[in-house]
Amino acid sequence: MDIIIVDDQVIVRDGLKMLLSLNEEIRVIGEAANGEEVLSLLSIKVPDVILMDIRMPIMNGIEATKVIKAQYPNVKVIILTTFNEDEYIFNGLKNGADGFILKEIIQSIKAAYEGTLMLHSQVTSKLINVLQNVSEYSSPSAMKKKDLSKLLTPREIEVVEQIMQGKSNKAISTALFLTEGTVKNYVSRILDKLELKSRSELIIFLKGE
């Protein structure tokens, strides 16, 4: 099965490609950032299925789906959507969409792969009290409770403090003036030294006292 991915966010396209690569029967033969790009791509290669985002610049997914289904009726178009896009879903069906995938699922897969925690709003509301308590453990005094200075370098402790504030690798790199790759290396070393497997375990470890 040949697939083209259409989404203006690189992170979503990468997440989809990573997920689809696990199936030997699926080939991603192209990707595009908007409706116009995929229409140009279709003049060169025609897939079996197109995974189509709804909200994109230049030409959105609904407009592109309408054109594609008129010109390539055998191509299946599956819309990438969110929970709050009922109007777009209706218009997608009206214009020939063959199915829908929740976009949050793909983003969550990619985020987990990169070591970033993603929560849906309905889940987040249940964790507000916990997250509020986390901030108090990001202080140097809390770090001292765990004697991290004996295990980690001062720079690694700075990275830990940023993690405890819920920051992503990209946000940490900005705050500490490091490259994102360097931050990833720091996180890996920290987890190895503390014999932990994930950021979640790190937070639990530091909240233990």
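Note that the structure is predicted; figures quoted are calculated from it, not measured.

K.L.:
Just to check I follow, could you spell out unusual backbone geometry for this structure?
P.N.:
Most peptide bonds take the trans configuration, and most residues that are not glycine carry a negative phi. Although it is not a glycine, I58 sits at a positive phi angle of roughly 70 degrees. Relative to the elements of secondary structure, I58 occurs in the loop between β3 (49-53) and α3 (61-71). Even without being a glycine, E195 presents a positive backbone phi close to 55 degrees. Structurally, E195 can be placed in the loop between α11 (180-193) and α12 (199-206).

K.L.:
Help me out: how do you make sense of the nonpolar core in this one?
P.N.:
Side chains of nonpolar character tend, in soluble globular proteins, to be buried together. Ranked by size, the top nonpolar core spans 19 residues in total, and within it I4, V6, V38, L42, I50, M52 and I68 carry the most contacts. When residues of this core are traced back to their parent elements, those giving at least two are β1 (2-6), β2 (27-32), α2 (35-42), β3, α3 and β4 (76-81). Discounting residues that sit within four places of it in the chain, I68 has contacts with V38, L39, L42, I50, M52, P73, V75 and V77. In this structure, M164, I190, L194 and L206 belong to the second largest nonpolar core, which totals 18 residues.

K.L.:
How do you make sense of α11 when you look at a structure like this?
P.N.:
Two residues of an α-helix separated by three or four positions point the same way, owing to the 3.6 residues in each turn. For α11, which comprises 14 residues, the first-to-last C-alpha distance of 20 Å matches the rise-based estimate of 20 Å (1.5 Å per residue) to within 8%. Residues V183, Y186, V187, I190 and L191 constitute the buried set of α11. Down the axis of α11, the buried set is contained in an arc of 130 degrees. They therefore lie on one face. Against α9 (154-164), α10 (169-176) and α12 lie the buried residues of α11. Following α11 by one or two positions, E195 has its phi on the positive side, about 55 degrees.

Scoring rules and cut-offs
Starting afresh in each chain, residues are numbered from 1 along the sequence in its written order. In keeping with the model being predicted, local features are shown solely for residues with a pLDDT of at least 70 and side-chain atom pairs are shown and tallied solely at 80 or more, while totals for entire chains, interfaces and linings include all residues. Heavy atoms from the whole structure form the basis of all side-chain values; hydrogens and water molecules are not counted. Counting from the N terminus, the helices are DSSP H or I runs at least four residues long and the strands are E runs at least two residues long. By nonpolar core is meant a set of buried Ala, Val, Leu, Ile, Met, Phe, Trp, Tyr and Cys residues that side-chain atoms within 4.5 Å join together. Under the scheme applied here, a residue whose accessible area is under 20% of the maximum for its type counts as buried, over 50% as exposed, and between as partly exposed, the area being computed with a 1.4 Å probe on protein chains only. In this description, contact between two residues means that some pair of their heavy atoms is separated by no more than 4.5 Å. Here, expected helix span is obtained from the residue count minus one, scaled by 1.5 Å. Within this analysis, the arc is defined by the directions that extend from the helix axis to the C-beta atoms.

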